[in-house]
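Residue-level structural notes
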Amino acid sequence: MASPYDTEVLLTREILVLRVINSENKYNLDPYYLLYLLSHKLTQMQSINKILIETTLPNIANRWSELMLPISRNKNERIRISTQIKNVINDKWKAVKRLDDLKIELGDLTT
């Protein structure tokens, strides 16, 4: 998940960028639920056979589209999980912001 602090980065071809274009879909798939699905143990187990190591860098290429995501049939469950992931990610980004504010206040810190 890209944060507001990841806007000035250079991505190499080994980095796959996935976006949810329309969150109003039949699975209520939004960026937070997608993060959950991609982090799920069942998805991670599948990815072991899809990722190739090329000169020490992992590369999944288009094989990501072969992953079977464990999407819950229960809409309320999908929304609940998405909300929880969103809250945790937002808390993380707030903590990064507070650290940046402390660096400004106290001088350069190594974090």
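Since this is a predicted model, take the numbers as computed values, not measurements. (Residues numbered from 1 in each chain as written. Predicted model: local features only at pLDDT ≥ 70, side-chain atom pairs only at ≥ 80, totals over all residues. Heavy atoms only, no water.)

Among the residues making up helix α1 (residues 31-39), those that are buried are Tyr32, Tyr33, Leu34 and Leu37. Residues of α1 that are buried make contact with α2 (41-47) and α3 (75-106). (Buried < 20%, exposed > 50% of the residue type's maximum accessible area, 1.4 Å probe, protein only. Helix = DSSP H or I, 4+ residues; strand = E, 2+ residues; numbered from the N terminus. Contact = heavy atoms within 4.5 Å.)

Spanning 32 residues, α3 covers 46 Å between terminal C-alpha atoms, matching the ideal 46 Å at 1.5 Å per step. Arg78, Ile81, Ser82, Ile89 and Trp93 are the residues of α3 that are buried. Contacts from the buried residues of α3 go to α1. Sitting at the amino-terminal end of α3 is Asn74, which places a side-chain oxygen 2.8 Å from the backbone nitrogen of Asn76. Downstream of α3 by one or two residues, Gly107 has phi in the positive range, about 100°. (Expected span 1.5 Å × (residues − 1). Polar contact = N/O pair within 3.5 Å; in protein donor to acceptor, adjacent residues only side chain to side chain.)

On to unusual backbone geometry, then. The residue Asn28 is not glycine, and still its phi comes out positive at about 55°. Tracing the sequence through the fold places Asn28 in the segment before α1. Residue classification places Asn28 among the partly exposed residues on the basis of a relative accessible area of 21%.

Our focus in this paragraph is the confidence of the model for the chain. Summing up the model confidence of the chain, the mean pLDDT is 88 and the portion of residues at 70 or higher is 99%. The secondary structure element of the chain with the lowest average pLDDT is strand β2 (residues 57-59), at 73, and the one with the highest is α1, at 95. (pLDDT = per-residue confidence, 0-100.)

Moving on to the packing of α1 against α3. Following both chains from N to C, one finds α1 and α3 inclined at 95°, their axes separated by 8 Å at the closest point. One way to sum up the angle between α1 and α3 is to call them roughly perpendicular. Side by side, α1 and α3 meet where Tyr32, Tyr33, Leu35 and Tyr36 of the first sit next to Arg78, Ile81, Ser82, Ile85, Lys86, Ile89 and Asn90 of the second. Partitioning the contact of α1 with α3 into residue classes produces 7 nonpolar, 2 polar and 2 charged. (Axes fitted to C-alpha atoms, helices over the stretch in contact; angles between N-to-C directions. Parallel < 35°, antiparallel > 145°, perpendicular 65-115°, else oblique. Nonpolar A, V, L, I, M, F, W, Y, C, P; charged D, E, K, R; others polar.)

With that settled, consider the pattern of salt bridges. For the structure shown, the criterion picks out 3 salt bridges. A salt bridge links Glu66 to Lys50; its shortest N-O distance comes to 3.1 Å. One end of the pair, Glu66, is in the loop between β2 and α3; the other, Lys50, is in the loop between α2 and β1 (52-54), and 16 residues separate them in sequence. Using a relative accessible area of 44% as the deciding quantity, one classes Glu66 as partly exposed. (Salt bridge = Lys/Arg side-chain N within 4 Å of Asp/Glu carboxyl O.)

A few words on the nonpolar core. In terms of nonpolar packing, the biggest core is built from 5 residues, these being Leu29, Tyr33, Leu34, Leu37 and Ile81. Here this core gets 3 residues from one element, more than from any other, and that element is α1. Setting aside chain neighbours within four positions, we find Leu29 in contact with Val20, Asn22, Ser23, Leu34 and Leu37. (Core = buried A, V, L, I, M, F, W, Y, C linked by side-chain atoms within 4.5 Å.)

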